[in-house]
Amino acid sequence: MLLRRRGNLKRVLERMCKRYFRTSANSDAKKIDVNDLSRVRNIGILAHIDAGKTTTTERMLYYSGRIRVMGEVHEGNTVTDYMEQERDRGITITSAAVTLQWMKHKFNLIDTPGHIDFTMEVEQALHVMDGAVVVLDASAGVEAQTLTVWRQADNYELPRIVYANKMDRNDANLELCKSTLSSKLGVKTLPLQIPFKNGGKLEGIVDVVAKQKCIWSGESGQQCNRIPLTEADGEIWELTTKAREELAGDLADLDDKMGDIVLGLDSVEHISDKDIYEAVRRVTLSQKGVPLLSGSSYKNVGVQLVMDSIVHYLPSPLENSRQSFLTESFKDNLSAKVFKIVHDKQRGGAISFLRLYSGKITKGQTIHNLKQPGSEQISKLMVAMADDYEEVPEVLSGNVAAVTGLRNVNTGDLITSSSTAANTARKYLLNKKKYTSEQVDEVFGVGVQVPDPVFFCSVEPASLKFQTPMEVALKELQRENPSLQVSFNSETGQTVLGGMGELHLEVIKQRLISEYKVEVDLGPLQIAYKEYLLNPAEYTLELKHKIGGVLHAMTLMMSVKAVNADEKVELLTLDKHPDYAPHLTTVTPRQIMLLKQGIISGLQHGPVLGSPVVGASFKLHRLELKRGTSESIFISGAAQCTQKLLQDAGTAILEPVMSLEIVSDDNTISTILSDLSNRRAVIRNIGVRGHCKTISALAPLSELLGYSKYLRILSSGLASFTIEFHDYEPVSSDQQAKVIQEVGGLI
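Residues numbered from 1 in each chain as written. Predicted model: local features only at pLDDT ≥ 70, side-chain atom pairs only at ≥ 80, totals over all residues. Heavy atoms only, no water.

Draft legend 1. Fine view of the overall build of the protein chain. Looking only at helices and strands, one finds 21 helices and 36 strands in the protein chain. By residue count, 54% of the 747 residues in the protein chain fall in the buried class. Here the analysis covers contacts within the protein chain between residues at least 6 apart in sequence; of these, 74% occur between residues at least 24 apart. With an accessible surface of roughly 33400 Å², the protein chain has 49% of that area assigned to carbon and sulfur atoms. (Helix = DSSP H or I, 4+ residues; strand = E, 2+ residues; numbered from the N terminus. Buried < 20%, exposed > 50% of the residue type's maximum accessible area, 1.4 Å probe, protein only. Contact = heavy atoms within 4.5 Å. Areas by Shrake-Rupley, 256 points an atom, 1.4 Å probe, with all protein chains shown as cover.)

What follows is the structure, given as structure tokens:
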């Protein structure tokens, strides 16, 4: 994301020093064969907020020789949290890509946000990962956002390793991490390490497979000293021996090859380290189990072992079967997906981040976007280092590149070298892979699915001179962040922003002010309600309109019925009844497409709140169009018919309901529960996490406005919470009257 280099001279000098490459890193880079994709790892760091993703990434950069000095989140000087808002808040807002080398391997690593408001950033990054490291807070185990990112990674079939961070804390609990991974995620864990302490202080990590104690030395934990365990180590020896035997047994159950090895031995103690390592890799790549690592990134313990595990257990681009159809169909031609766009005026405007699946991309190359007509030419070709970039002459398949000069690409677009290459790939899939034409279009054309916003508010420039700059800035921000929705309310004449949460919209406002120098005011936050049908309805619209002596006329008869919003049904179907079918024989596909456009337009504003209507299915009974009737009038007529149908059917309000998790101590738990009952919350579970209690509940979003501040007051600052969108649910009749009254007169 674009960084406006502000602040004092000290911070600028610190960051300049950090960008300076160490000699060891450069010499190591010469040993890496850039054409060897088996030595490339495209990975992401995923986690709940404040689990330690950015701190872990910072240590990786340091130990790899990429930076000279380690930054800290609380000091606001880390490499990947480069935005002003990230440094001020101490959280990751936008995903950042960095490149580093380790053990003669190249890592293209993406540090992702942990806050639910920026989950879209995670979704964009998952498209281009081959594997992921999921970071847990060892004192909390699997948390609310961990569940979300895990489900997202499941959708992309990504092999994962889990890193239990913050093992230096007194309440850190590896067994808690294992049990929550099993109970909440249904994951079979493969514990490869055991942390050990001395006098309550984390001393090091035991490598279970090699039976070695790993102890770190040096001012910043640069050196990992491995000490073989012996029976003289007593309890640690016994724990490690037992853990190794259990690991071998679990691997034998999950991996046939390991099962055969175990059956051929008298004791699992005789299994070689190599056989275990290879079995862990096979199980990880098949996603039958997940390696569990331990450490404390802040205390510089265990990070190098995480990097070793990325090399050993996570896949290379050659092993990503999910994207093999791209490499096979495009062969040596370029195929790359756009997964992130940022704006940087110093580097020529928009910077598009690409993951290459086949071929190569070169500076000045002409590319073809499968979604857009025509071609574009790349200006600069770079490798990203958060907000810093290194220009390169070419980037090969399997890697990540950043390019400038592309004006018409959007997140999720697939690009190639020419339309001929795209057509050849399409024919290959149709002929060799036996895909249908629709499936090929989906493979090549589908972008990222953007979630619906849960909040919206008006945005106005402080004066007329900021109107045009505001519109330009919002267009750029929306291209960077597809989960930001910008619309214009014709009734009020205001621009409306839709976002994923309070923090999301607040950050947008701050970016407009600080980065774009546009003074704006945001209106009060409003809940993104929806409406649903109460009854079926039928209506016939007869429309006549004369323009410039030409008569435009149509007769349209449609009906509507309610369906489950999650049910996959056609928006519009044709009535095949003998009474109506003869009237529809002349209806063309073009007319059906235009009719759907009008219906979609009409569904945007329900009769109760003016909110979008969901769960409606339409049936066309009759359509008569006078020759020469314009398409715009046809679409407008379809929208009018839709609006009349909604009025006749009647609608009611759906409100967003959030999944809420609260962590607090025993002294305040009863007060919090009492308050939740007044907020129409449904308690799902009350559990124990170390010395704290956890509350899992469902609560309407309208009842949670400003809850963060209220909870701090209620618990004297001892409680914390996370929320995530759960579902839309109907409101009661009493509550609906209240919602109408609150929303009335507002946007």
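Draft legend 2. Quick look at the environment of Ala737. Considering the arrangement of structural elements, one finds Ala737 in helix α21 (residues 733-743). Considered as a pair, Ala737 and Ile653 are 84 residues apart in the sequence and their alpha carbons are 9.8 Å apart.

Draft legend 3. Broad picture of the sheet that holds strand β30 (residues 572-574). Within the open sheet, the four strands sit side by side as β28-β29-β32-β30. Their pairing is mixed. On the outer flanks of this sheet lie β28 (537-547) and β30, each paired with one strand and no other. Taken over all neighbouring pairs, the strand axes of this sheet differ in orientation by 30° on average, direction set aside. Both strand β29 (residues 550-562) and strand β32 (residues 616-625) contribute to a ladder of nine bridges, which runs antiparallel. Bridge pairing in β32 places Ala562 opposite Ala616. The sheet strands contacting helix α18 (residues 631-649) are β28, β29 and β32, and the helix crosses β28 at an angle near 145°. (Pairing = 2+ DSSP bridges. Axes fitted to C-alpha atoms, helices over the stretch in contact; angles between N-to-C directions.)

Draft legend 4. Here's a closer look at the pattern of salt bridges. Counted by the stated rule, this structure contains 27 salt bridges. The salt bridge partner of Asp207 is Arg226, with a shortest N-O separation of 3.1 Å. Taken as a pair, Asp207 in strand β8 (residues 201-207) and Arg226 in strand β10 (residues 223-228) lie far apart in primary sequence, 19 residues in all. Using a relative accessible area of 38% as the deciding quantity, one classes Arg226 as partly exposed. Residue Lys596 pairs with Glu570 through a salt bridge whose shortest N-O separation is 3.8 Å. Placement of Lys596 in helix α17 (residues 589-602) and of Glu570 in the loop between β29 and β30 is noted, with a sequence separation of 26 residues between them. Bridged by salt links that share partners, the residues Asp50, Asp137, Lys166, Arg169 and Asp171 form one connected network. (Salt bridge = Lys/Arg side-chain N within 4 Å of Asp/Glu carboxyl O.)

Draft legend 5. Geometry of the nonpolar core. Among the nonpolar cores identified, the biggest contains 53 residues, and Leu46, Leu126, Val162, Phe353 and Tyr389 are the most heavily contacted of them. Of all hydrophobic cores here, the second largest spans 40 residues; its members include Ala51, Ile276, Val303 and Tyr313. (Core = buried A, V, L, I, M, F, W, Y, C linked by side-chain atoms within 4.5 Å.)

Draft legend 6. Up close: the pairing of strand β5 (residues 160-165). Most of β5 is tucked away: six of the six residues are buried. Burial along β5 is two-sided: Arg160, Val162 and Ala164 facing one way and Ile161, Tyr163 and Asn165 facing the other are all buried. Pairing analysis gives six bridges linking strand β4 (residues 131-137) to β5, with the strands arranged parallel. Bridge assignment links Val133 to a residue of β5, and that residue is Ile161. At this point the chain moves from β4, through helix α6 (residues 144-155), to the parallel β5, and the crossover so formed is right-handed. By the bridge criterion, three bridges tie β5 to strand β11 (residues 290-294) in an arrangement that is parallel. Residue pairing in the sheet places Val162 in a bridge with Leu292 of β11. (Right-handed = clockwise from strand over helix to strand, strands pointing away.)

Draft legend 7. Molecular detail of the sheet that holds strand β3 (residues 105-111). Within the open sheet, the seven strands sit side by side as β2-β3-β1-β4-β5-β11-β6. Their pairing is mixed. Edge positions in the sheet fall to β2 (96-102) and β6 (189-191), since each has one partner strand and no second. Taking the axes of each pair of neighbouring strands and ignoring which way they run, one obtains an average angle of 30° across the sheet. Bridge count between β2 and β3: seven bridges; the pairing is antiparallel. Residue pairing for β3: Thr99 is matched across the bridge by Asn108.

Draft legend 8. Region of interest: the confidence of the model for the protein chain. Of the residues in the protein chain, 87% have a pLDDT of 70 or more, and the chain-wide mean is 84. Scored below 50 in pLDDT, residues 1-30 shows 70 contacts in the model against residues more than four places distant or in partner chains. Low confidence marks residues 89-93, where pLDDT is under 50. Its contacts with residues over four positions away, or in another chain, come to 23 contacts. (pLDDT = per-residue confidence, 0-100.)

Draft legend 9. Highlighting the pairing of strand β1 (residues 40-47). Burial analysis of β1 places eight of its eight residues in the buried class, the great majority of the element. Of the two faces of β1, both are covered, the one formed by Val40, Asn42, Gly44 and Leu46 as well as the one formed by Arg41, Ile43, Ile45 and Ala47. Judged from the six bridges that link them, β1 and β3 form a sheet pairing that is parallel. The residue bridging Val40 from the neighbouring strand is Lys106, located in β3. Of the pairings in the sheet, the one linking β1 to β4 comprises five bridges and is parallel in character. Bridge pairing links Ile43 to Gly131 in β4.

Draft legend 10. Region of interest: α18. Along its 19 residues, α18 runs 27 Å from first to last C-alpha, staying within 8% of the 27 Å computed at 1.5 Å per residue. Taken together, the buried positions of α18 are occupied by Ile633, Phe634, Gly637, Ala638, Ala639, Cys641, Thr642, Leu645, Leu646 and Ala649. One or two steps after α18, the chain reaches Gly650, where phi turns positive at roughly 80°. (Expected span 1.5 Å × (residues − 1).)

Draft legend 11. Structural view of the packing of aromatic side chains. If you walk through the whole model with that rule in mind, you get five aromatic pairs. The interplanar angle of 65° and the centroid separation of 5.5 Å between the aromatic rings of Tyr62 and Tyr63 together place this pair among those described as edge-to-face. Taking the relative accessible area as the measure of exposure, Tyr62 reaches 8% and is therefore buried. By relative accessible area, which is 11% here, Tyr63 ends up buried. Plain terms: the ring middles of Phe353 and Tyr389 are 6.2 Å apart, the flat faces sit at 50° to each other, and that makes the pair tilted. Taken as a pair, Phe353 in strand β13 (residues 349-358) and Tyr389 in strand β18 (residues 388-391) lie far apart in primary sequence, 36 residues in all. As far as the burial class goes, Phe353 and Tyr389 line up, both buried. Among the aromatic residues, those joined into a cluster by ring pairs are Phe339, Phe353 and Tyr389. The lysine or arginine in question, Arg679, covers the ring of Tyr710, its NZ or CZ lying 4.9 Å from the ring centre. (Phe/Tyr/Trp six-rings, centres within 6.5 Å; stacked < 30°, edge-to-face > 60°. Lys NZ or Arg CZ within 6 Å of the ring centre and 35° of its normal.)

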